Amino acid sequence: LQPATSWISCDELIIIFVLLLMSWLAKMAFLALTATRVATAFSAATLRSVGASSSSAASSSRRSLTNAAAVAFLDNRNRGASTSSTAGRFLSQSAAAASTCTSSITALRQSTVVESELEKNLGVSHPGFDIISTDIVTEFGAYCTLYRHKQSGAELLSVSTDDDNKCFGITFRTPPTDSTGVPHILEHSVLCGSRKYKTKDPFVQLLQGSLQTFLNAFTYPDRTCYVVASQNTKDFYNLINVYADAVYHPRATSDPMVHAQEGWHLELEKIEEPLTYKGVVYNEMKGVYSSPDSLLQRDAQQSIFPDNTYGVDSGGSPVEIPNLSFEQFAEFHQKFYHPGNSRIFFAGDDDVANRLEIMDEYLKDFGPSPESKPASTIQWQKKTFDAPKKIRNPYPAGNDQPETHMIMMNWLVNDRPLTPVEEITVTILDHLLMGTSSSILYKTLMESGLGESITGGGLMSELMQGTFSAGLKGVKPEDADKVEELIISTLQKVVEEGFTEDAIAASMNTIEFDMREFNTGSFPKGLSLMLGSMREWIYDRSPTDALRFEEPLAELKKSISESGSKVFQDMVKEFLLENTHRATLEMFPSKTLEEEQLQEEKDRLAKIKETMSEEELQKIVDTTTELKKLQAAEDAPEARATIPSLELSDLKREVTEYPIAVSENEADSGVTVVRHELGSTSGIAYANLAVDVSGVATEDIPLLPLFTRMMLETGAGEYDSVALSRRIGTHTGGVSASALIAGVEVEGGTEGAVTSGEHFVTKLLITGKATSDKTDELFSIFDLILRDANLDAKSKIIEILKQAKSQKESTVQGSGHATSNARIRSRYNVVGYINEKMTGLSSLDVVKD
């Protein structure tokens, strides 16, 4: 496929941009904002001039609400020399309202009335449950009661908040002993019908007919989670019923066809044809194992966990998946899906008594299971390596790919529980080492010229034991050992010299801001609370302790004030430099590996077929036919009727409206400002600044993503890249730049009608957030990167290009379907064409050139 170029010229494209800007400016502003902050509460200060004093600005434009949101859209007339005077006048005349909140605000602020109502939900009793403990997590305004079901032994954490986006989840500890992928296959299979809900795939019907805000399941290396969320109470309870019945009473454990469909089966349509493996999870993992990056991460984890469950693949290896029998599959469910091995979670503003009553209806069907919970206990991997290990494994590579290697060092961080202070300290340390492009280990690796891009995500702390990894992709074979030497020498330098005060301040502020803000984006806050609590709860520790950060953060700050960076230096020394339980993994390309694996599979299947009688082969043919017939058949009306649905009367007729004020030509500046003034953003200001880029030539469109990275990663004005990154980290919650290309409807057009795609908004978008007392600094940074970005930093730009090339090549390999889809969409409208040029296969060619 080739991108369409014949139906629109460069001049026509620019004309469309200009017409759009002139005719639908106000509407574009609103839609551009919506596109970047869908369903997110905004709070930002209105723009404030660089150099204007906070006191005069506040006194001249004090607003009645504590927070205000501002989005400025600048067109071509406000660039260059005129920007200095016009925009500067606008900034000073439109200063932000200073919030009464300080930077020490917590993530959720509630009125006394709300707190009083939530407190009543602590310790609500039910005859089927014992209360283990009650707790208030002040950091998130969460009122928590931990219960144990008397009959089944199930634990239930009820979290009451003022959030109407209610969340429910059931998590089972499911440690595998092999790589047959049984936890993963079971996660798929339990959602294929149950005792009460008879359709083949209630999951799909729920997605179609529910008001759910989250509906999914996922498999970890040691646990399996099933999560739903909804703002509609009836819908929420419907979802809970379907999921609870699915996990406790699935059809899958009594119907081998489910295991065959979701896991694996031998397929044969005619006796004379060769056997093949088929199955949803089998096919999924075949794709995963064809990705070099996925292989690197899996091999890395398994290399440092030789003795416990983390040393096998819970997702399943394509070679091992066919070794899982239906009997083993059903036995795994019986062993680990007993309520006594489950952790049940609720969060939101629904009634606690209803929560307990709903779950008691399911849990009372079960008696105690003393063996389920002990059998699922995760064993600690002790640090047993006397010396570091080196491992070399191949990865599949195409004939046109370079002969470069991937090198990654991996440490087992802890073989004992970390204290809360240690946990938050190692998180800050990770940011100091690998958190940004200016972090010392990340920067040293990228500037070394030994590879094209970073691999290894630094700290991984979601499991019982943490790991730390760092390395490079695109390494020449002769430089492989140099990467390990560079990492070790950089860590030695950290131990000897420590971190500077401004580096520590930037990392501390960044992590603290994230914790206090508790911005979960499009995901329910309850989901984040659940996943956060599960980091301790799943290992039989306190679920609420996992959510706290105030005390350990204060203790860390005290330690830093007394001894500077020593706490971080000691941690690098103990957990990394002097820790011999590490493995360096070298992945080298093999242009024959994929072909060899396919041949091994064919040979294996051929041997299986040779051992089978004609009757056995005919049985496989019959089973194949039956399975396809079942898959194609529609559910019976009576089965579909078992899936709960909503009535019109269950829907809220009122539409939630968010305040919006659009001011064109604000203060005679030529700037359009869109404000959303909200009082529930915890004193944090969010701002988007959008600059018109409709004048960019068509051939330069692919350069926009590179340009936006350069604005933030090459330094600006008197600041080099490190100093700029630290200034952003110290004073804000983050600043980013991106290109926004989004289609819009024609004003006065038919609502919901399919459009020709000729009308769209084109902006360079700078976004940022800061506590309200730091908005001067936020907009000063905006101004700095807009006017004074160091765009001539050649060596840094080459690094960025190398990294972009590596990332895009990985995307093509790991998500070929998305790349193809983008290419196809580029044929149908201008927006698709532009996006493909910026992020699709075309952009890879540009980066290479």
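Residues numbered from 1 in each chain as written. Predicted model: local features only at pLDDT ≥ 70, side-chain atom pairs only at ≥ 80, totals over all residues. Heavy atoms only, no water.

## Here's the deal with the packing of aromatic side chains
This is how the line gets drawn: We call Phe, Tyr and Trp rings a pair once their centres come within 6.5 Å, taking the six-membered ring for Trp, and we label the pair stacked below 30 degrees between planes, edge-to-face above 60, and tilted otherwise. Under the scheme used here, helices are H or I runs from DSSP no shorter than 4 residues and strands are E runs no shorter than 2 residues, and both carry numbers assigned from the N terminus. A ring is scored as having a charge over it whenever the NZ atom of a lysine or the CZ atom of an arginine sits within 6 Å of its centre and within 35 degrees of its normal.
Taken as a whole, this structure holds 22 aromatic pairs when the rule is applied. Where F499 meets F568, the ring centres are 6.3 Å apart and the plane angle is 85°; that geometry is what we call edge-to-face. A residue pair is termed long-range when its members are at least 10 positions apart, and F499 in the loop between α17 (480–497) and α18 (501–517) and F568 in helix α21 (residues 566–577) qualify at 69 residues. One aromatic cluster in this structure is built from F172, Y226, Y243, Y248, Y337 and F366. Over the face of the ring belonging to F385 we find K389, whose NZ or CZ atom lies 4.7 Å from the ring centre.

## So, the layout of surface pockets
Rule in force here: The distinction between a cavity and a pocket rests on a 1 Å grid over the protein atoms alone: a 1.4 Å probe fits inside a cavity but cannot get out, while a pocket stays open yet meets protein on both sides within 12 Å along at least five of seven lines, and a residue with an atom within 4 Å of a point counts as lining. Grid points are joined across faces, edges and corners, and a volume is the space filled by probe spheres set on the points. The residue classification treats Ala, Val, Leu, Ile, Met, Phe, Trp, Tyr, Cys and Pro as nonpolar and Asp, Glu, Lys and Arg as charged. All others, Gly included, are polar.
When its volume is computed, the second largest pocket comes out at roughly 1300 Å³. What lines the second largest pocket is a set of 40 residues, and nearest its centre among them are T427, S461, M515, R535 and A546. For the lining of the second largest pocket, the secondary structure elements donating two or more residues are α15 (420–435), β13 (453–460), α18 and α19 (525–537). For the lining of the second largest pocket, the element with the most residues is α19, which contributes six residues. Along the lines of polarity and charge, the residues of the lining of the second largest pocket split into 20 nonpolar, 11 polar and nine charged.

## Considering a negative patch on the surface
Spelled out, the test is: Each patch groups residues whose relative accessible area exceeds 30% and which form no salt bridge, using 9 Å between like charges and 5 Å between nonpolar side chains of Val, Leu, Ile, Met, Phe, Trp and Tyr. Only the protein chains shown count as covering a residue, and every accessible area follows the Shrake-Rupley method with a 1.4 Å probe. Between Lys or Arg on one side and Asp or Glu on the other, a salt bridge is scored when a side-chain nitrogen of the former is within 4 Å of a carboxyl oxygen of the latter. Within this scheme the basic residues Lys and Arg register as positive and the acidic residues Asp and Glu register as negative, but His and the chain ends are omitted. Where a charge lies is defined by one atom per residue type: Lys uses NZ, Arg uses CZ, Asp uses CG and Glu uses CD. Classification of residues uses two cut-offs on accessible area relative to the type maximum, computed with a 1.4 Å probe and protein chains only: under 20% is buried, over 50% is exposed, and between them is partly exposed.
The grouping of E595, E596, E600 and D603 at the surface amounts to a negative patch. Tracing the backbone shows E600 in helix α22 (residues 593–610). The class of E600 is exposed, set by a relative accessible area of 54%.

## Side note on the nonpolar core
Rule in force here: We define a nonpolar core as any set of buried Ala, Val, Leu, Ile, Met, Phe, Trp, Tyr and Cys residues linked to one another through side-chain atoms lying within 4.5 Å. Should any heavy atoms of two residues lie within 4.5 Å, those residues are counted as being in contact.
In this structure, L433, F468, I487 and F568 are the most contacted members of the largest nonpolar core, which totals 77 residues. Filtering out sequence-adjacent residues up to four positions away, L433 remains in contact with S439, I440, L441, Y442, F468, L491, V494, F499 and L576. In terms of nonpolar packing, the next biggest core, distinct from the first, is built from 62 residues, L156, F168, A246 and M359 among them.

## Comments concerning the environment of N341
The topology assignment puts N341 in the loop between α12 (326–336) and β10 (342–348). Through-space distance from the C-alpha of N341 to that of A375 is 9.2 Å; in sequence the pair is 34 residues apart.

## Looking at a nonpolar patch on the surface
On the surface, L211, L648 and L651 cluster together into a nonpolar patch covering about 300 Å² of accessible area. Within the element layout of this structure, L211 appears in the loop between α7 (202–209) and β6 (212–219).

## Considerations on the side chain of S565
On the secondary structure map, S565 appears in the loop between α20 (550–563) and α21. Residue S565 is classed as buried on the basis of its relative accessible area, which comes to 9%. Those residues in contact with S565 that lie beyond four places of it in its chain are G498, F499 and I504.

## Some points on empty space enclosed by the protein
Taken as a whole, this structure holds six cavities of 30 Å³ or more when the rule is applied. Quantified by volume, the largest cavity comes out at close to 210 Å³. Of all elements in the fold, only α11 (292–303), β12 (405–412), β14 (467–475) and α28 (794–814) reach the threshold of two or more residues within the lining of the largest cavity. If one sorts the elements of the lining of the largest cavity by residue count, α28 sits on top with four residues. Of all the secondary-structure elements, those providing two or more residues to the lining of the second largest cavity are α15 and α21. Partitioned by chemical class, the residues of the lining of the second largest cavity number eight nonpolar, no polar and one charged.

## A word on the packing of helix α25 (residues 704–713) against α28
The test is simple: Here an angle of 0 to 180 degrees is reported between the N-to-C directions of two axes, which are lines fitted to C-alpha atoms, with helices fitted over the stretch in contact. Any angle between 65 and 115 degrees counts as roughly perpendicular, while under 35 counts as roughly parallel, over 145 as roughly antiparallel, and the rest as oblique. Throughout, a crossing is termed right-handed when the near helix is turned clockwise from the far one, and left-handed when it is turned anticlockwise from it by less than a right angle.
Put simply, α25 and α28 touch, their axes get as near as 11 Å, and they point 130° apart. Between α25 and α28, the interaxial angle falls into the category oblique. Between α25 and α28 lies a crossing of right-handed hand. Contact with α25, carried on its side by L706, R709, M710 and E713, involves K796, I797, I800, L801, Q803, A804 and Q807 of α28 and no other residues of that element. Residues that form the contact of α25 with α28 fall into these classes: six nonpolar, two polar and three charged.

## Regarding unusual backbone geometry
Excluding glycine, most residues fall at negative phi; most peptide bonds, likewise, are trans. Not every positive phi belongs to a glycine, and N665 is a case in point at roughly 55°. Despite not being glycine, D668 shows a phi value in the positive range, around 55°. Considering the arrangement of structural elements, one finds D668 in the loop between β16 (661–663) and β17 (672–675).

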